[in-house]
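# Observations on the model geometry
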Number of protein chains: 2
Amino acid sequence: MDKFNFTLEETDGRARTGLIETPHGNIETPIFMPVGTVGSVKTISPAELTDDIGAQIILGNTYHLHLRPGDEVVAKHGGLAKFNSWNKPTLTDSGGFQVFSLAEMNKITDEGVHFRSHLDGSRLFISPEESIRIQQNIGADIMMAFDECVSLPSERQYVVEAMERTYRWAQRSFDARTRDDQALFGIIQGGVEKDLRKISAEQITSIPFDGFAIGGLSVGEEIPVMYDICSHTTEFMPKDKPRYLMGVGTPQDLLHGISYGVDMFDCVMPTRNARNGLLFTSRGKLHIKRKEWELSDAPVDANCNCYTCRNFSRGYLRHLWKAGEYLGMRLNSLHNLHFYLSLVKRARNAIKLGVYNNFMKETLEEMSVGGE
Amino acid sequence: MDKFNFTLEETDGRARTGLIETPHGNIETPIFMPVGTVGSVKTISPAELTDDIGAQIILGNTYHLHLRPGDEVVAKHGGLAKFNSWNKPTLTDSGGFQVFSLAEMNKITDEGVHFRSHLDGSRLFISPEESIRIQQNIGADIMMAFDECVSLPSERQYVVEAMERTYRWAQRSFDARTRDDQALFGIIQGGVEKDLRKISAEQITSIPFDGFAIGGLSVGEEIPVMYDICSHTTEFMPKDKPRYLMGVGTPQDLLHGISYGVDMFDCVMPTRNARNGLLFTSRGKLHIKRKEWELSDAPVDANCNCYTCRNFSRGYLRHLWKAGEYLGMRLNSLHNLHFYLSLVKRARNAIKLGVYNNFMKETLEEMSVGGE
């Protein structure tokens, strides 16, 4: 796929900066990708994503877009980035995670997965070929191979079976691609067993994908285990291709992931937490609903220069939250996304300056002050 | 109140342009005031109100702000315009309309109204003095006298009683004001009886309020009756004070009201309809949920240059509506408010050019094309 390119720029220990080039523009890594489940990052406009948040790529969920409005509809509108007027790089997951976690499951076979829609119960089927067909209709710059994501804990034998199936599905996903303007990433599975992660990494990276992802983490395991497996897995991933840790995570998780050499992250946490009144700050998490903010004229984070922090007090945001006003969810989401994008930008600068370890240590320490 | 001033600029028939000066800035009339019920115009940011919509003054509801966050809290945050970071002119209603329409009613006496909160059923009391006390805490540039709004149809005898009570309450509201930086408008009642409207206008305008409102319309009567009573009532309102038609209405209503010499309007219609997927266009109303827009790449209104119409297709907005995405409510609200503010701005220009009647006729004709 010659319309997609990754250039490794600087390294600092295992942490790295890079540049991803796509048909819809460039992405500076490490990067966090806001999640636009059904094609919109909930409550946030494309103008805000660009101007206020500094997003460079957003993610759409294949499963959700397949159900609504339907991938054929997205295709007829010229693809996701045109449909939602974002007009910049996009990535779609394979649909696998939602099929396994959200839909009512019927049957997994080697052919694919039969399941029922979480919306209306209708019978559906996704296979590697079907996932790629749908993702080609959606038209994101980066597609993901169809994989089986195992919830943890699981029996080793089942993790092995799912890993082997993920390998077979990866090859079929790769073979199913017909468009030449969309990159395709393979996904490494293997649960929390280090030998299986090594085997899966070797299997998946044997296929000439445009990038590689670590899947199947943040699905029930302890955080130190997640860090250990992430660190272990990146050892077996090629240096000259982007590395994507799927569905992760907290600001702390991003900092650790970057230290292991991860380039890309996505998570619903900043937006979902925002809608629940939980805000990320340089000094840890802040619950906006707390009575003590009623008369506070302080911004959410004195170190933040987002639209929300420049204009609104904790007292007003608390009021919006208590009154159930949509604007509150929106201002909270803008702040949290700005916090995430600002964090990866600062990480990138620290790597370039060769001070990533110190930056990470100090940032983690400040976040642990918490108490709000 | 020397910090408030109204200058009548130009007239064209009975239609008029003017300038209202307030401590938070100026307002060019005729004007439409977006409703910010509990202090936020639902889904819309202050930056959008200014930059994208062209709003000059917004309305807050005294009843709602009294319940949440409490008017004392708003006062401690420096008043409504500072609390919600709008920082421009604001107006509060008296609380009367919500008390009569939303709260569970207990008893109306000459003293005031005993009622129960629609939120938690707690017992509350509002009198003219209490309304002004609350409105002074909220701190809007324009306050409204406490009145009794009668739903229609009602017995003439009851309309008379409510009108007389409204007069007594108007005087008490006027006497209760202690701040010198907030204007206070009186409200004319009298149902749909022309003789009563004349009497009420003479009563209310005998008090030296800073402006006068027509209340008690758009509460159940037929549209031609509303127009007739509005036209009739303005005849008895002074030319040198702002005239405000409360809670009205459709784009057509605004055009008619302006032709009778009304300067100010407010209504939840543009925002509430937006959240229900109903959009206003130069060719009439458009239901965004309709299947026929699924593949449409046309904007909501080809004549509109708002952020929504510049960037998003009917197909995408329909998808957001079908999927229940907050961004859909927001983009629809932005469009509808832009439509309303653009309409009154065009009306103002037409009056200045002395062509208001033609403008109104052509605009009404184009809106009646409808069909979408």
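Each chain has its residues counted from 1, following the order in which its sequence is written. Note on labels: chains are lettered from A, ligands numbered from 1, in written order. Per-residue local features are limited, in this predicted model, to residues with pLDDT of at least 70; the limit for side-chain atom pairs, both in listing and counting, is 80 or more; totals at the level of whole chains, interfaces and linings are taken over all residues. To get the side-chain values, all heavy atoms of the structure are used, and hydrogens and water are removed first.

What follows is about the domain arrangement of chain A. Interface size is commonly expressed as the accessible area that is lost once the parts come together. Residues and elements named next belong to chain A. Annotation comment: domain bounds sourced from an automatic or database domain assignment. Along its sequence, chain A is organised into domain 1 (5-266) and domain 2 (279-369). For domain 1 versus domain 2, the separation of C-alpha centres amounts to 27 Å. Contacts between the two partners involve 33 residues from domain 1, matched on the other side by 26 residues from domain 2. Both sides together, the interface formed by domain 1 and domain 2 hides about 2,500 Å², and carbon and sulfur atoms give 72% of it. Should a side-chain nitrogen of Lys or Arg be within 4 Å of a carboxyl oxygen of Asp or Glu, the pair is scored as a salt bridge. Counting across the interface, domain 1 meets domain 2 through three salt bridges. Note on contacts: a residue pair qualifies if any of its non-hydrogen atoms lie within 4.5 Å across the two residues. Accessible area, probed at 1.4 Å, shrinks when two parts are joined; the buried area is that loss added up over both.

Turning to the interface of chain B and chain A, a few remarks are in order. In this complex, chain B contributes 39 residues to the contact, which on the side of chain A involves 39 residues. Notably, a salt bridge pairs E325 of chain B with K42 of chain A, separated by 2.4 Å at the nearest N-O pair. Of all elements in the fold, only α1 (46-53), α3 (71-76), α12 (307-311), α13 (314-322) and α14 (326-353) of chain B reach the threshold of two or more residues within the side of chain B that touches chain A. Numbered from the N terminus, helices here are DSSP runs of H or I no shorter than four residues, and strands are runs of E no shorter than two. Among the elements that make up the side of chain B that touches chain A, the one with the highest residue count is α13 of chain B (five residues).

So, on to the packing of α14 of chain B against helix α15 (residues 356-367) of chain B. Residue and element names in this part refer to chain B. Here an angle of 0 to 180 degrees is reported between the N-to-C directions of two axes, which are lines fitted to C-alpha atoms, with helices fitted over the stretch in contact. One way to put it is that α14 packs onto α15 with a least axis distance of 8 Å and a crossing angle of 150°. In terms of orientation, α14 lies roughly antiparallel with respect to α15. On the side of α14, the interface is formed by F339, L343, R346, A347, A350 and I351, while α15 contributes Y356, F359, T363 and M367. Of the residues contributing to the contact of α14 with α15, the split by class is eight nonpolar, one polar and one charged. Convention used here: angles under 35 degrees read as roughly parallel, angles over 145 as roughly antiparallel, angles from 65 to 115 as roughly perpendicular, and any remaining angle as oblique. By the convention adopted, Pro, Cys, Tyr, Trp, Phe, Met, Ile, Leu, Val and Ala count as nonpolar, Lys, Arg, Asp and Glu as charged, and the other residues, Gly among them, as polar.

It is worth spelling out the relation of the copies chain B and chain A at this point. When the copies are overlaid, the least-squares fit takes in C-alpha atoms only where the residue has pLDDT of at least 70 in both copies. The two copies are related by a screw motion: chain B maps onto chain A through a turn of 180° and a shift of 0.0 Å along the axis, at an RMSD of 0.0 Å. Expressed as an axis order, the relation between the two copies is that of a two-fold axis. The position closest to the rotation axis in chain B is occupied by the C-alpha of Y326 of chain B, lying 3.8 Å away. Take the interface residues of chain B: 100% of them recur as interface residues in chain A, which is what a same-surface contact looks like.

Residue and element names in this part refer to chain A. Summarising the element assignment, R16 is placed in strand β2 (residues 15-22). A polar atom in the side chain of R16 sits 2.9 Å from the backbone oxygen of K239. Of the polar contacts made by the side chain of R16, one reaches the side chain of D263; its length is 2.9 Å. Between N or O atoms, a polar contact is any pair within 3.5 Å; within protein, one atom must be a potential hydrogen donor and the other a potential acceptor, and residues adjacent in sequence are included only when both atoms are from side chains.

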